[in-house]
Amino acid sequence: MTSSPHFKVHKKILANKLTVLVRQEYRIPRVETHLWYNVGSKDENVNERGMAHLIEHMLFKGTKNLSESDINLICQKLVGEANAFTSQDYTCYTFRFPTNTWQTALELLAECMQHATFPTQMLSSELKAVIEELHLYNENYQGSLVERVTAAAFPNHPYRNPIIGTATNLCTLTRDNLYAFYRTHYHPANAVLVITGNVDPAKAFDAVEHWFGKIPSPLNYVRATHTHQEDLVATTTILSRPTQNPWLCFAYHVPGLSKRQNHLIDIANFVIGFGKSSRLYQRLVNKERLAIDIDCSTSDFFEHGLFFINVWPAAKSSPHAIEKIIHEELATLARKPIHDWEFAAAKKRTHIDFTSLLEHSERQALVIGNSYLATGDENFVDSYLAAIDRATKTELQIFLDTYFKTSQQHKGYLLPAAPEDTKRLVSFYQATAQMEQKFLQSHQRTVPVEEPRWAKKISKTPTGRFEFPLPKTFTLPNGLEVLYHHTTNVPQVTCLLSLKTNYLYEPEHHAGILGFLLRVISDRTKKLNADAFAKLLEQEGISLTAGGDNLAFRCLSEDFETALSMVAQIFQHPVFDASSVEKVRRQIVSEIEEFWDSPIDFIDQVARELIYQEHPYHKNPMGTKKSIASITLNDLKAWYKNSVSPDQAVLVIVGDLHKLSLQSLINTHLGAWQGPEIADLSYPELPPYQPITMTIPIDREQIVVGCVAPSVSRKDPIFNALSLLDIIVTGGPQASPSSRLFNLRERSGLFYTIGGSLIYGSREQQGMTFIKTIVAPEKLELAQHEIATALKTVQKEGISVEELSMAKNLLIATSVELFETNASMAQTFLFLKKLHLPLNLFDKQGEILSIIGVDQLNEIAQQFCDPQLMSKIHIGRIEKYGVAYKKGESLTKEARIMAKKSKKTAKKSKKTAKKKTVKKAKKAKKAKAKKVAKKKTTRRMKMRVIGKMLKKW
């Protein structure tokens, strides 16, 4: 196995006790700057619940010298990003800037450390957003259950308290409370500054000294300590919610991150339930068929941790039967040493996870900051890997026997609520909403968003030139096109194999068949059954995933040929095993049900069906429960025979390839693969579009709102201009913090999150304009009004030269991010190839965008920022119900019915409106003629008077 490289972190402690950690790496010209404060929700007393999280929201909302607009605008000018997050143990504030402007992050973080003010007006709008965030978390039922199980596991420790707090907590917080908490905990002695990326450590230390060195720390700062009284107590938490997907979790106390036992926790994770060769997957999914899927996760709090076994139960399976098997397998692991291959595979996979860490400067900053706060060791990563190498099977066995006790198990059941219980739940939602409304009425923001001050001193700074990687290509005689790029950043290889046929080719009654097929044939090979194949993959540390029209794998460079030979077996000698078919069918149906349980996810599908109707773009790649249920083993074989082919398929390979004879290897393993010629897909004309309003009732705490209309294709002449307008209006994929919609969020506090795209899904055929957000039911009308007003303002007033300039800069600079990791690079190459775009597109981007002007964008905005042309979608607890549907089924049929009805109404309204317009026009014409005639008569009369006067004179 390839040894892991040394993870070098440079450390310096300033005189004021600020710890600075720097890791240098050169993958892309970006620098991450993270300021970690050693304060989280566990440090709040009973009157401060939710305060650390609220400060996270407020710290960037203005200081003595910064207006509330400054940080967002500075980030846009310098093509940067700002973020923050809070946990039980810490709060972290982050910036990501290009290498030539990264020190701005230090200046801003130092200002926020010293001079935050928490103005009451900003607090009023931000409290609204935090309450909306609280509702959003409540809609995540699995997360809500984990939060409750955690509370049950820590009855006497502050880990039991939710990070955001409760609505009641938030309604009692004041500006003075917030400021006092900030002055107590936010100072250099209680902070760690982490810098990763393309930066010189010595220069970084000098810059930190300049900006932070003179900030004082309190002399006698002491943090409160907490105790957890262990006991032989097992608890059960049952959460009833309007869901069709039951979910189970089983939690066990394990040492916290500060105890440095996480290497054993990670090995246990792989052995117990993470991966297809794990004990519980083999038993519960493959053998007993009691579960659809299983995984493990860890709440790695600093002081004490929780290890979770998470189970998606099969239909009609008993939670008690599942629990019994979990107990049996854990008892076996505690009683008998695990197999040598299991232990070796777990160790190898932890090393592979580490090498993946080397690709991400942000992930590196997260790991460094989190581990240092917990342990005080800047060399934690190297120590962790050494501990993995030293670990023994006996050590793991003792660990499992010590901590995985049924007498200290805390289990949680997420179960579907009965109809009468759902009604009660809705009444609870309504009561909470009334309380919040009453509170928020006394916290109304009355002043506009502050104009920028600091940002005016900042000049837009172009990023340095970046050499965009360009793949090399060759094509096998069987039609397989290969794109590859060699990079030595990590000793890994990432591969994507994409077929010419995709879900758009599928007939309606077999929707989802291609993804179904790929998952079935990648479950086993001709020589290995499902268990043996999973074992081989995980022994070699090969990650293999299938779905959509892609099969992807990641492995160490030394294992590339092994992985390639497996892919060759999958495609050239597929095995259609009945047990694999049924296992995959159950998994896909469960995923479809989970998808349709999440309005924020399935609103995208509703939007597609509304816009595209009979056009192939309306399809859901997963299919529907009905289509998946109808697909037989013979259907899968027929689809393989007719549609799975190397003809015009694309294989993208990115990674450390220097020891590989790549073309020879691919020809050896995939050269014999044969299949039919695949014709181009013929698209029908898009249906005529009329805006409608679609309402879907579902019992949820909030309403998901969508505004949708047709857009343009990727090759439309105005696409590039529209992509710039997209950044300015919605924030685009870059999620620009200075977009018009984000500013609306800042000003109103109506939304925790709002965004979208004016070019959503634009490919060969036209995409969509799609804006979505989440609001409380009582704020629906106001939210729609505010969104429409924001769009109309763009229409009426247009965009500024400065906005366009920053959008161009942002679009060019963020293209660099596409090449940070092997996976993102492979996906970018695949995207360009599949859409027949030039592989050097990003080198030409600046030239293409330079000719686009403000007038062109303002002209485009007249069409694409017109709220009257947008259909409205409302999903949630709404009084006036519209279309009904069965969960798990496509809304296509119902959506079409609704669309047709709405179109008839719209057509009738249009006809009536036309008649009224014609009548009005005739009336106006008649009035105008009368007015003109009157003017002529008046003029004649005047001329006569003048004539008489002249004659008299």
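**Some remarks on the overall build of the protein**
Looking only at helices and strands, the protein features 32 helices and 22 strands. Over its C-alpha trace the protein gives a radius of gyration of 31 Å, about what one expects of a compact globule, namely 30 Å for 953 residues. The principal-axis extent of the C-alpha atoms belonging to the protein is close to 130 × 75 × 60 Å. Counting across all 953 residues of the protein, residues that qualify as buried make up 57%. Long-range contacts, defined here as pairs at least 24 residues apart, represent 84% of the contacts in the protein between residues at least 6 apart. Accessible surface, the protein: about 41,400 Å² in total, of which carbon and sulfur atoms supply 53%.

**Let's talk about the environment of Glu81**
Locating Glu81 in the fold gives a position in strand 4 (residues 81–86). On the accessibility criterion, Glu81 (41% relative accessible area) is partly exposed. Each C-alpha atom of the pair Glu81 and Arg424 lies 43 Å from the other, and the pair is 343 residues apart in sequence.

**Concerning the side chain of His157**
Along the chain, His157 turns up in the loop between helix 5 (141–153) and helix 6 (167–170). Looking at His157, the relative accessible area reads 0%, which means it is buried. At 2.8 Å, the side chain of His157 and the side chain of Glu303 are in polar contact. If we skip the residues at most four places from it in the chain, His157 touches His226, Thr227, His228, Glu303 and His304.

**A few points about helix 25 (residues 719–729)**
For helix 25, a buried count of ten out of eleven residues is recorded, marking the element as mostly surrounded by other parts of the structure. When helix 25 is considered as a whole, its buried residues turn out to be Phe719, Ala721, Leu722, Ser723, Leu724, Leu725, Asp726, Ile727, Ile728 and Val729. Residues of helix 25 that are buried make contact with helix 26 (740–748), strand 20 (754–760), helix 27 (780–797), helix 28 (801–814), helix 30 (841–850) and helix 31 (854–864). Immediately downstream of helix 25, the backbone of Gly731 shows phi near 100°, a positive value.

**Brief notes about the sheet that holds strand 22 (residues 871–876)**
If you walk across this open sheet you meet the five strands as 18-22-19-21-20, and the pairing is mixed. Edge strands, defined here as strands with exactly one partner in the open sheet, are strand 18 (693–697) and strand 20. Each neighbouring strand pair of the sheet contributes to a mean axis angle of 15°, computed without reference to strand direction. Sheet topology places strand 20 next to strand 21 (residues 768–775); five bridges connect them, and they run antiparallel. Across the sheet, Ile754 pairs through a bridge with Thr773, a residue of strand 21.

**Notes on the nonpolar core**
With 79 residues, the main nonpolar core has Phe250, Ile272, Leu284, Ile309, Val311, Ile326 and Phe404 as its most contacted residues. Excluding anything up to four places from it in sequence, Phe250 contacts Phe307, Phe308, Ile309, Val311, Ile322, Glu323, Ile326, Gln409, His410, Lys411 and Tyr413. Counting residues in hydrophobic clusters, the runner-up holds 74 residues, among them Leu564, Ala568, Leu610 and Ile692.

**A short note on the pairing of strand 5 (residues 91–98)**
For a regular strand, side chains alternate in direction, first toward one face of the sheet and then toward the other. The element strand 5 is largely enclosed, with a buried count of eight among its eight residues. As paired elements, strand 3 (residues 30–37) and strand 5 share eight bridges and run antiparallel to each other. Directly across from Trp36, in strand 5, lies its bridge partner Cys92. Where strand 4 meets strand 5, six bridges bridge the pair, whose relative direction is antiparallel. When the sheet's bridge partners are listed, Ala84 is paired in strand 5 with Tyr93.

**Looking at the sheet that holds strand 13 (residues 481–486)**
In spatial order, the strands read 12-13-17-14-16-15; together these six strands make up an open sheet with mixed pairing. The sheet is open, and its two borders are formed by strand 12 (472–475) and strand 15 (543–547), each paired with just one other strand. Looking at each pair of strands side by side, their axes are set apart by 15° on average, direction ignored. Pairing between strand 14 (residues 492–498) and strand 17 (residues 650–655): six bridges, direction antiparallel. Across the sheet, residue Val493 finds its bridge partner in strand 17, namely Gly655. The strands touched by helix 12 (residues 340–357) within the sheet are strand 14 and strand 16 (550–556), with strand 16 carrying the most contacts at an inclination of about 100°. Of the strands in this sheet, strand 13, strand 14, strand 16 and strand 17 touch helix 29 (residues 822–834), which is tilted by about 150° from strand 17.

**A look at the pattern of salt bridges**
Applying the stated criterion to the full structure yields 41 salt bridges. Close ionic contact of Glu303 with Lys42 constitutes a salt bridge, the shortest N to O distance being 2.8 Å. Placement of the pair is Glu303 in the loop between strand 9 (291–299) and strand 10 (304–313) and Lys42 in the loop between strand 3 and helix 1 (51–58), with a sequence separation of 261 residues. Each member of the pair, Glu303 together with Lys42, is buried. In this structure, Asp559 and Lys348 form a salt bridge, with 2.9 Å as the shortest nitrogen-oxygen distance. Of this pair, Asp559 sits in the loop between strand 16 and helix 19 (560–572) while Lys348 is found in helix 12, placing the two residues 211 residues apart along the sequence. Here the two residues Asp559 and Lys348 agree in accessibility, since each one is buried. Here the residues in one salt-bridge network are Arg30, Glu32, Arg96, Glu817 and Glu820, joined through shared partners.

**Description of the packing of aromatic side chains**
Across all of its chains, the model carries 38 aromatic pairs by this definition. Here Tyr252 and Phe404 contribute two aromatic rings whose centre-to-centre distance is 5.1 Å and whose plane-to-plane angle is 35°, an arrangement assigned as tilted. Residue Tyr252 is located in strand 8 (residues 247–255), and its partner Phe404 is located in the loop between helix 15 (393–403) and strand 11 (409–416); the two are separated by 152 residues in the primary sequence. Classification of Tyr252 by relative accessible area gives buried; the value is 1%. Consider the rings of Trp596 and Phe602, whose centres lie 5.0 Å apart with planes at 35°: the pair is tilted. Assessed through its relative accessible area of 0%, Phe602 is described here as buried.

**Overview of the confidence of the model for the protein**
Per-chain confidence: the protein averages 89 in pLDDT, with 92% of residues scoring 70 or above. pLDDT under 50 marks residues 931–953. Its contacts with residues more than four places away, or in other chains, come to zero contacts.

**A look at the packing of helix 1 against helix 4 (residues 120–139)**
Across the interface, helix 1 lies against helix 4 with an axial gap of 10 Å and an inter-helix angle of 120°. The orientation of helix 1 relative to helix 4 falls into the category oblique. Here helix 1 runs over helix 4; the crossing is right-handed. Across the interface between the two elements, His53, Leu54, His57 and Met58 from helix 1 touch Met122, Leu123, Glu126, Leu127, Val130 and Glu133 from helix 4. Its residues placed into classes, the contact of helix 1 with helix 4 shows six nonpolar, two polar and two charged.

**Notes on unusual backbone geometry**
For Phe118, which is not a glycine, the phi torsion comes out positive at approximately 50°. Note on placement: Phe118 falls in the loop between helix 3 (103–115) and helix 4. In this model, Arg260 sits at a positive phi of 60°, which is unusual for a non-glycine residue. Mapped onto the elements of the fold, Arg260 is located in the loop between strand 8 and helix 9 (262–272).

**A closer look at the environment of Gln282**
Looking at the secondary structure, you find Gln282 in helix 10 (residues 279–287). With residues up to four places along the chain from it excluded, the contact list for Gln282 reads Lys276, Ser277, Lys287, Asp531 and Ala534. At 2.6 Å, the side chain of Gln282 forms a polar contact with the backbone oxygen of Lys276.

**Looking at helix 30**
Leu841, Phe842, Gln845 and Leu849 are the residues of helix 30 that are buried. Along the long axis of helix 30, the arc covered by the buried residues comes to 70°, so they all point the same way. Buried residues in helix 30 make contact with helix 25, helix 28 and helix 29.

**As for the pairing of strand 9**
As paired strands, strand 9 and strand 10 are joined by eight bridges and run antiparallel to one another. Bridging from a neighbouring strand, Thr298 pairs with Phe307 of strand 10. Taking the residues between adjacent antiparallel strands as the criterion, strand 9 and strand 10 are bridged by four residues.

**A word on the side chain of Asp604**
With respect to the element layout, Asp604 can be found in helix 21 (residues 599–612). On the basis of relative accessibility, which here comes to 11%, the residue Asp604 falls in the buried class. Excluding its chain neighbours within four sequence positions, the residues that come into contact with Asp604 are Tyr760, Phe770 and Lys772.

Conventions used here
Numbering of residues begins from 1 in every chain and follows the order in which that chain's sequence is written. The predicted origin of the model limits local features to residues at a pLDDT of at least 70 and limits the giving and counting of side-chain atom pairs to 80 or more, whereas totals for whole chains, interfaces and linings rest on all residues. Hydrogens and water are ignored here; the side-chain numbers use all heavy atoms of the structure. Each helix corresponds to a stretch of at least 4 residues labelled H or I by DSSP, and each strand to a stretch of at least 2 residues labelled E; elements are numbered beginning at the N terminus. Note that the radius of gyration is over C-alpha atoms, with the globule rule given as 2.2 Å times the number of residues to the power 0.38. Burial classification: accessible surface area is computed with a 1.4 Å probe over protein chains only, and a residue below 20% of its type maximum counts as buried, one above 50% as exposed, and the rest as partly exposed. The criterion used for residue contact is that any of the two residues' heavy atoms lie within 4.5 Å. To be clear on the numbers: accessible area is Shrake-Rupley with a 1.4 Å probe, and residue cover counts the displayed protein chains and nothing else. N or O atoms within 3.5 Å of each other form a polar contact, as long as, within protein, one can give a hydrogen and the other can take it, and as long as residues adjacent in sequence are counted only when both atoms are side-chain atoms. Whether two strands pair comes down to DSSP finding at least two bridges between them. To define axes, lines are fitted to C-alpha atoms, for helices over the stretch in contact only, and angles between the resulting N-to-C directions are given on a 0 to 180 degree scale. What makes a nonpolar core is a set of buried Ala, Val, Leu, Ile, Met, Phe, Trp, Tyr and Cys residues whose side-chain atoms join them at distances within 4.5 Å. A pairing counts as a salt bridge when a side-chain nitrogen of Lys or Arg comes within 4 Å of a carboxyl oxygen of Asp or Glu. Planes of paired rings set the category: under 30 degrees apart is stacked, over 60 is edge-to-face and the rest tilted, where pairs are Phe, Tyr or Trp rings (Trp by its six-membered ring) whose centres lie within 6.5 Å. pLDDT expresses, on a scale from 0 to 100, how confident the predictor is about each individual residue. In these notes the angle categories are as follows: under 35 degrees is roughly parallel, over 145 is roughly antiparallel, 65 to 115 is roughly perpendicular, and the rest is oblique. Each crossing is labelled by how the near helix is turned from the far one, with a counterclockwise turn of less than a right angle marking it left-handed and a clockwise turn marking it right-handed. Just so you know the grouping, Ala, Val, Leu, Ile, Met, Phe, Trp, Tyr, Cys and Pro go in nonpolar, Asp, Glu, Lys and Arg go in charged, and all remaining residues, Gly too, go in polar. By definition, the arc is the one covered by directions from the helix axis to the C-beta atoms.

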